[in-house]
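Chains, contacts and geometry: an overview
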Amino acid sequence: MRWSHFLAALMIAFTSLAAHAQLFADDDARKAILELRQRLNAVQSDLTARLDTAQRNQLEMANQNDTLRQEIARLRGQVESLTNEVATLQKRNRDLYTDLDARLKKIEPATVNVDGRTATVDRAEQASYDAALAQFRSGDFRGSTGSFQQFIARYPASAYVPAAQYFIGSAHFAMKDYKASIAANQVVVDRYKDSPRAPEALLSIADSQLQLGDKRAAYRTLTRVMQEYPNSEAAVIARERLPGTR
């Protein structure tokens, strides 16, 4: 039975008793009325207490719901923030890896083919040689001479040294400094006999000797090419030039 029905029944009973109180003795009627009033007050107090408790519970639940909603909103914000941070860190790591990889590629040795032979050179060494060679090919013979000399001083063990020394001799020849050309090419012949540049250097020496009018020396040099490097292309060229030295 609901409380509203119960209260209504009590009120009806109270009214009925009051209407018929005259049927009882005055003391009995007053006692009955007091008892009913006490019961009614007790029921009302209990109902009020229950309503207050229910209201407090509802209010507390509403407050808890608000607190939970705020906490959920805060956690969502943190999740979003952390997600953004993770994405940023991942991008930064990718960028750092890419940059590091590029830097390593710039400094790690590379395998190249130098005058038909496989060699290992580092990036700076390659760049220095290429820059000097570019000067030579552009016609800056004096500038390339200095650059090749700096290259040899900095990378004395480089596989490019014989070629660099040969181009120094070629640059001097182009500037018509034939004695300097002979001296530079003689270094190739003396120090790098096994290099493919050695027979070419001898040919260049012979050309400088001819320019200086020393045919006898040119003849000896061309003969040396054919004897020491018979299977080289330089030997074929030397054989063709040999008659012009007599």
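Here is a short report on the structure shown in this document. (Residues numbered from 1 in each chain as written. Predicted model: local features only at pLDDT ≥ 70, side-chain atom pairs only at ≥ 80, totals over all residues. Heavy atoms only, no water.)

So, about the overall build of the protein. Of regular secondary structure, the protein possesses 9 helices and 2 strands. The N-to-C order of helical and strand elements in the protein reads α-α-β-β-α-α-α-α-α-α-α. Residue pairs at least 24 apart in sequence account for 46% of intrachain contacts in the protein once pairs closer than 6 positions are excluded. Put simply, the protein shows about 16800 Å² of open surface, and 53% of that area lies on carbon and sulfur atoms. (Helix = DSSP H or I, 4+ residues; strand = E, 2+ residues; numbered from the N terminus. Contact = heavy atoms within 4.5 Å. Areas by Shrake-Rupley, 256 points an atom, 1.4 Å probe, with all protein chains shown as cover.)

One non-glycine residue with positive phi stands out, namely Asp115, at about 55°. Its place among the elements puts Asp115 in the loop between strand E1 (110-114) and strand E2 (117-121). Asp115 sits in the partly exposed class, given a relative accessible area of 27%. Of note, Lys176 is a non-glycine position whose phi angle comes to about 65°, a positive value. Within the fold, Lys176 resides in the loop between helix H5 (161-174) and helix H6 (178-191). (Buried < 20%, exposed > 50% of the residue type's maximum accessible area, 1.4 Å probe, protein only.)

Core analysis: the largest hydrophobic core is formed by 38 residues, its most contacted members being Tyr129, Phe148, Phe151, Tyr160 and Phe167. No other element matches the 7 residues that H5 contributes to this core. Apart from the residues lying within four places of it in its own chain, the contact partners of Tyr129 are Phe148, Phe151, Tyr160, Ala163, Ala164 and Phe167. (Core = buried A, V, L, I, M, F, W, Y, C linked by side-chain atoms within 4.5 Å.)

In the structure shown here, the tally under the stated rule is 4 salt bridges. Note that Arg197 and Asp115 form a salt bridge whose closest N and O atoms lie 3.0 Å from each other. Note that Arg197 is positioned in helix H7 (residues 197-211) and Asp115 in the loop between E1 and E2, a separation of 82 residues in sequence. In this structure, the salt-bridge partner of Glu200 is Arg197, at a minimum N-O distance of 3.3 Å. Of this pair, Glu200 and Arg197 both sit in helix H7, 3 residues apart, roughly one helical turn. Since its relative accessible area comes to 31%, Glu200 is described here as partly exposed. Judged by relative accessible area, which is 13%, Arg197 ranks as buried. (Salt bridge = Lys/Arg side-chain N within 4 Å of Asp/Glu carboxyl O.)

This part covers H6. With 14 residues, H6 extends 20 Å between its outermost C-alpha atoms, agreeing within 8% with the 20 Å of an ideal straight helix rising 1.5 Å per residue. Taken as a whole, H6 has its buried residues at Tyr178, Ser181, Ile182, Ala184, Asn185, Val188 and Val189. In the core, the buried residues of H6 are packed alongside H5, H7 and helix H8 (215-228). (Expected span 1.5 Å × (residues − 1).)

This part is about the pairing of E1. Residues of E1 alternate between two faces, with Ala110, Val112 and Val114 buried on one and Thr111 and Asn113 left unburied on the opposite face. Two successive antiparallel strands, E1 and E2, enclose a turn made up of 2 residues, where Asp115 displays a positive phi of approximately 55°. (Pairing = 2+ DSSP bridges.)

Glancing now at H8. For the α-helix, the turn length of 3.6 residues means that residues three or four positions removed from each other point alike. Taking 1.5 Å per residue as the helical rise, H8 with its 14 residues ought to reach 20 Å, and the 20 Å between its terminal C-alpha atoms agrees with that figure. Taken together, the buried positions of H8 are Ala217, Ala218, Thr221, Leu222, Thr223, Val225 and Met226. Among the structural elements, H7 and helix H9 (233-241) are those in contact with the buried residues of H8.

This part covers the pairing of E2. Consecutive residues of a regular strand have side chains that alternate between opposite faces of the sheet. Judged from the 5 bridges that link them, E1 and E2 form a sheet pairing that is antiparallel. What sits directly across from Thr111, in E2, is Thr120.

The N-to-C vectors of H5 and H7 enclose an angle of 15°; their axes lie 10 Å apart at closest approach. Judged by the inter-axis angle, H5 sits roughly parallel to H7. Here H5 and H7 pass one another in a crossing that is left-handed. Within the contact between the two elements, H5 uses Pro162, Ala163, Tyr166, Phe167 and Phe173 and H7 uses Arg197, Glu200, Ala201, Asp207, Ser208 and Gln211. Grouping the constituent residues of the contact of H5 with H7 by class yields 6 nonpolar, 2 polar and 3 charged. (Axes fitted to C-alpha atoms, helices over the stretch in contact; angles between N-to-C directions. Parallel < 35°, antiparallel > 145°, perpendicular 65-115°, else oblique. Left-handed = near helix turned anticlockwise from the far one by under 90°. Nonpolar A, V, L, I, M, F, W, Y, C, P; charged D, E, K, R; others polar.)

Within this structure, the stated rule accounts for 9 aromatic pairs. Residues Phe173 and Tyr178 carry aromatic rings whose centres are separated by 5.2 Å and whose planes lie at 65° to one another, so their mutual orientation is edge-to-face. Phe173 sits in the partly exposed class, given a relative accessible area of 26%. Of the residues examined, Tyr178 reaches a relative accessible area of 15% and is grouped as buried. Clustering of aromatic rings is evident, with ring pairs tying together Tyr129, Phe136, Phe141, Phe148, Phe151, Tyr155, Tyr160, Tyr166 and Phe167. (Phe/Tyr/Trp six-rings, centres within 6.5 Å; stacked < 30°, edge-to-face > 60°.)

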